[in-house]
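Structural characterization, general
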Amino acid sequence: MSRRSAALSRTLSGLLSGALILTTLQLAAAPASAVSEPDRDPAALLEAAVESPAAPPGPLDGAPDGATIATGQSVDTSSATSEVVADGAILRGAVQNMDDAPLAGITVTAYGYSDDQPESPVAMRQVVSGADGRWEISGIDEVADRWIVEFVDPQERYATQFWQRATEFRAPVPIELGEGAVVEGIDAVMQLVSTITGRMTGLPAGLVALDQYVWLHVFDWDRWEWVNVAEAEVAADGTFSFSGLGPDYYVVRGFAVTERGVGLAPSGVVLVDEGQEQRVDIRLERAVDGPNRDFSGDWRDDVLAINSTGKLLMYAGNGNGGWAAPGDQVGFGWNTLDIVFPVGDFSNDGYTDLIGRSTAGDLWLYRGNGNRGWAGSVNLGPGWGGFTSLFAPGDFNGDGFVDVMARDRAGALLLYPGNGVGGFRDRPTVIGSGWQGFTALIGPGDFDGDQHVDVLARDSAGRLWLYPGNGSGGWLPKRQVGSGWRGFTAIAGAGDFSGDWVPDLIARDSSGRLFLYRGDGQGGWRGSTLIGSGWNGLRLAN
C-alpha cells in the first residue's frame, strides 16, 4: 500500500470509527435511561456514522413491551389484536394519511425472518391496499420466527415506513405468528415525503476532487444513535439531493478525496417536517491530525513568521516541500506578543486560527478568514504570563475539538481543552511534570500514524523525543526520534509541508538556514531538505 493510500485508509477508518468528528456539536454518551426519553435533543449524541443498514432491516432488539403477538394469545396492543383460526396465519390492517384519509394503492409487504438467518428475510408476502385503505395478507404458512411489515407508496408521494407501535418514525416492531393466528390492527399513518437538497463547497480553486459524496444520517430512537441511511452523488457544481424522506432529525456529512488530502463537510442537526424541502449547504474542511497550518485557503500548509518590526509574514507553501510565494505581510504590531502559535480551527468556523500571548499575559485568539487575513480577535483571558511554553497539539483528549498545552515554571504540563467555539471547555488538567528540562516543545500532529496527536520535545543535550498521545488526554511510552538538534535556534511544526499526507518539521540553524524534516508517518524521518536562508531575523510562529 502506498503512503498516500495508507493515509487515506487511516482517515476513512478514523471517520467511520468516530476518531474524526468534525462537527460543531460536543459528543456525549447516552445514559442507560436515554431510550425512554424521546424528547431529548439528539444533537448531544452526534457521532460518526455506522455502516448503512440492509434494506429491509432485520428485526430489531428491544421492541416495546406488548408489541409481539404470539399464536393463540390475546394481547391488548392498542393497535393490534390476535385470534386463532384453523388455516394459515393472517395479517390485516389499514393505511391512511395524516388527515385520516384512507390511502389506496399502497404496497404492503410482510418479510419473514428466522433466528438462524436474522439479517435477511426467509419469506415475503405482498398485497396492495384497497380503496378504503384496508389490506389483508392471508394463508401465511411459511416457517419464520417473526415478521416485519413495510408500507411503500409506488407513486413516491408518501415516505416508506414500517409498522410500529411507538410514534417515533422508522421503528419497526417484529410480529410473531403462530399457526392459524390472525393479527389485526397493523395500521400505518403515512406521511408526505420530504427532500433535503444542498450544495457542498470548500474545495480551493483549481483543486479537483478525485472522489466525493454525501452521506445522510438519521437519529435512531430505538438504538439512541445516529445511523447512515443514504448516500448521494455530488454533481459537478457541488449540488446533491436526498428524496423520499420521512419527517425526522437528520445530519448531512460530505466527503472529498483530493491530491492534497481529505476534506470533510459536516452539518448540524436538521429537523425535517412532513412534505418539506429542506436546504442544507455544507462546506468542506481539510481533515488533519493536528493543528491546521493552511492560512491561505488552498489546502497547502504555510509558515508564519514575525520580523523585527512586528510585521506578520505568511510564507505560502506549494504543497510539495517548497514555496508558492515570498513572505506576504498579513499583519502588523505583532511584536507586542511574545508567543504566537497556529492553533488550527479553534473557533470551528472552517478556517485556521492563531493564538498569541501579549507581554501583559493576556491570551488572544486571532480568527483566520481562510484567505490570508483575519476575521477578528478575542481575548481569551489574563494570567497566562507564568507559562514558559504554549502550543497547540490538535485534539489531544479525543473530544473532537482543538486543545492548547501550557508548561509552567515548575515544569508541569497542563492541557486546556477547547470547547469548539473559540474558548476553553473545562479547567486545565495536569498531564505531566518534569518538563522544565526541555528547550523546545512542538505539536506536530499525528507523528507516529496511530490517529492520535503527539508531542515532540527537545532536551538540553539536543535529543528529540516523541511523546505519543493515547487519544484520550494521556500518553503512551516515549521514545527518542533524533539527536544533534541542539544547534537549531528554532523548531516548529510544519503540518504536511511536503504534501505526502504525514506531518513534517522545520528547523532553523544558527546561520539562518531553514531546513524541512519530512516525517515518515511512523514516528521517524524520510530525510531533510534546505528550503531557505536568511531566516535569522524572523521569529517562527509555533
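Definitions and limits used
- Residues numbered from 1 in each chain as written.
- Predicted model: local features only at pLDDT ≥ 70, side-chain atom pairs only at ≥ 80, totals over all residues.
- Heavy atoms only, no water.
- Helix = DSSP H or I, 4+ residues; strand = E, 2+ residues; numbered from the N terminus.
- Buried < 20%, exposed > 50% of the residue type's maximum accessible area, 1.4 Å probe, protein only.
- Polar contact = N/O pair within 3.5 Å; in protein donor to acceptor, adjacent residues only side chain to side chain.
- Contact = heavy atoms within 4.5 Å.
- Pairing = 2+ DSSP bridges.
- 1 Å grid on protein atoms, 1.4 Å probe; cavity = no way out; pocket = protein on both sides within 12 Å on 5 of 7 lines; lining within 4 Å.
- Points joined across faces, edges and corners; volume = space filled by probe spheres on them.
- Nonpolar A, V, L, I, M, F, W, Y, C, P; charged D, E, K, R; others polar.
- Axes fitted to C-alpha atoms, helices over the stretch in contact; angles between N-to-C directions.
- Core = buried A, V, L, I, M, F, W, Y, C linked by side-chain atoms within 4.5 Å.
- Salt bridge = Lys/Arg side-chain N within 4 Å of Asp/Glu carboxyl O.
- pLDDT = per-residue confidence, 0-100.
- Phe/Tyr/Trp six-rings, centres within 6.5 Å; stacked < 30°, edge-to-face > 60°.

Secondary-structure assignment places Ser-296 in the loop between strand E19 (285–286) and strand E20 (303–306). Judged by relative accessible area, which is 10%, Ser-296 ranks as buried. For Ser-296, the side chain forms a polar contact with the side chain of Asp-298, separated by 3.0 Å. Setting aside residues up to four positions removed in sequence, Ser-296 forms contacts with Asp-302, Met-314, Gly-370, Asn-371 and Arg-372.

Neither face of strand E29 (residues 413–416) is open: one carries Leu-413 and Leu-415, the other Leu-414 and Tyr-416, and all of them are buried. Bridge count between strand E28 (residues 403–408) and E29: four bridges; the pairing is antiparallel. Within E29, the position partnered with Ala-406 by the bridge is Leu-414. Linking E28 to E29, which pair antiparallel, is a turn of four residues; within it Gly-411 sits at a positive phi near 95 degrees. Sheet topology places E29 next to strand E30 (residues 429–432); three bridges connect them, and they run antiparallel. Bridge pairing in E30 places Leu-413 opposite Gly-432.

All right, on to empty space enclosed by the protein then. According to the stated counting rule, one finds three cavities of 30 Å³ or more in the structure shown. Quantified by volume, the largest cavity comes out at close to 50 Å³. Considering the residues around the largest cavity, the lining is formed by Arg-293, Phe-295, Asp-302, Val-303, Leu-304, Pro-342, Ala-492, Gly-493, Ile-506 and Ala-541. Of all the secondary-structure elements, those providing two or more residues to the lining of the largest cavity are E20 and strand E35 (488–495). Partitioned by chemical class, the residues of the lining of the largest cavity number seven nonpolar, one polar and two charged. Volume-wise, the second largest cavity comes out at about 40 Å³. Lining the second largest cavity, in full, are Phe-295, Leu-304, Met-314, Val-330, Arg-372, Gly-373 and Trp-374. Taken together, the residues that form the lining of the second largest cavity break down as five nonpolar, one polar and one charged.

Taken together, four strands build an open sheet; the order of strands is E35-E36-E37-E38 and the sheet is antiparallel. In the strand order of this sheet, the two ends are held by E35 and strand E38 (525–532), each with one partner. Each strand axis lies, on average, 25 degrees off the axis of its neighbour in the sheet, ignoring direction. As paired elements, E35 and strand E36 (residues 504–509) share six bridges and run antiparallel to each other. Residue pairing in the sheet places Gly-493 in a bridge with Leu-505 of E36.

Taken in spatial order, the four strands make up an open sheet running E31-E32-E33-E34, and their pairing is antiparallel. Since the sheet does not close on itself, it has two edges, and those belong to strand E31 (438–445) and strand E34 (479–482), each with one partner. The average undirected angle you get between the axes of adjacent strands in this sheet is 30 degrees. With three bridges joining them, strand E33 (residues 464–468) and E34 adopt antiparallel strand pairing.

Another point: the nonpolar core. One finds Leu-91, Trp-135, Val-149 and Phe-151 to be the most contacted residues of the largest nonpolar core, which totals 25 residues. Residue assignment for this core shows that the elements contributing at least two residues are strand E2 (89–97), strand E3 (107–113), strand E5 (134–140), strand E6 (146–152), strand E8 (181–184) and strand E9 (188–190). Residues within four places of Val-149 in sequence aside, it is in contact with Leu-91, Val-108, Thr-109, Ala-110, Trp-135, Gln-161, Phe-162, Trp-163, Ile-175 and Ile-186. Counting 23 residues, the second largest nonpolar core, distinct from the first, contains Ile-196, Val-218, Phe-240 and Ala-256.

Turning next to unusual backbone geometry. For Glu-156, which is not a glycine, the phi torsion comes out positive at approximately 60 degrees. If you trace the backbone, Glu-156 turns up in the loop between E6 and strand E7 (161–162). Of note, Gln-451 is a non-glycine position whose phi angle comes to about 75 degrees, a positive value. Positionally, Gln-451 belongs in the loop between E31 and strand E32 (454–459).

Now for the pattern of salt bridges. A complete count under the given rule lists 17 salt bridges for this structure. The partner of Arg-92 in a salt bridge is Glu-184, and the shortest N-O contact between them spans 2.5 Å. Placement of the pair is Arg-92 in strand E2 and Glu-184 in strand E8, with a sequence separation of 92 residues. Residue Asp-509 is joined to Arg-513 by a salt bridge in which the shortest nitrogen-to-oxygen separation is 2.8 Å. Judged by its relative accessible area of 8%, Asp-509 is buried. Connected through salt bridges with shared partners, the residues Arg-92, Glu-136 and Glu-184 form a single ionic network.

Attention now moves to the side chain of Ser-194. Note that Ser-194 resides in strand E10 (residues 194–201). Looking at Ser-194, its side chain comes within polar contact range of the main-chain nitrogen of Gly-275, at 3.1 Å. What Ser-194 contacts, discounting residues up to four positions off in sequence, is Phe-242, Ser-243, Gly-244, Leu-245, Val-272, Asp-273, Glu-274, Gly-275 and Gln-276.

Confidence in the prediction of the protein, expressed as mean pLDDT, is 83, and 82% of residues score 70 or more. Every residue in residues 165–170 is under pLDDT 50, and counting partners more than four places away or in other chains gives 23 contacts.

Considering the arrangement of structural elements, one finds Asp-403 in strand E28. The exposure class of Asp-403 is buried, given its relative accessible area of 0%. Along the chain, Asp-403 and Gly-344 lie 59 residues apart, while their C-alpha atoms are 9.3 Å from each other. The residues touching Asp-403, leaving out its near neighbours within four places in the chain, are Ala-392, Pro-393, Gly-394, Asp-395, Phe-396, Asn-397, Leu-415, Tyr-416, Pro-417 and Gly-418.

To continue, consider the packing of aromatic side chains. Counted under the stated rule, the structure contains 32 aromatic pairs. Between Trp-135 and Phe-151, the ring centres sit 6.1 Å apart and the planes meet at 70 degrees, which makes this aromatic pair edge-to-face. Remark: Phe-151 occurs in strand E6 and Trp-135 occurs in strand E5; sequence separation between them is 16 residues. Summarising the burial analysis for this pair, Trp-135 and Phe-151 share the class buried. Each residue in the set Phe-447, Trp-485, Phe-488, Phe-515, Tyr-517 and Trp-525 is aromatic and connected to the rest through ring pairs, giving one cluster.

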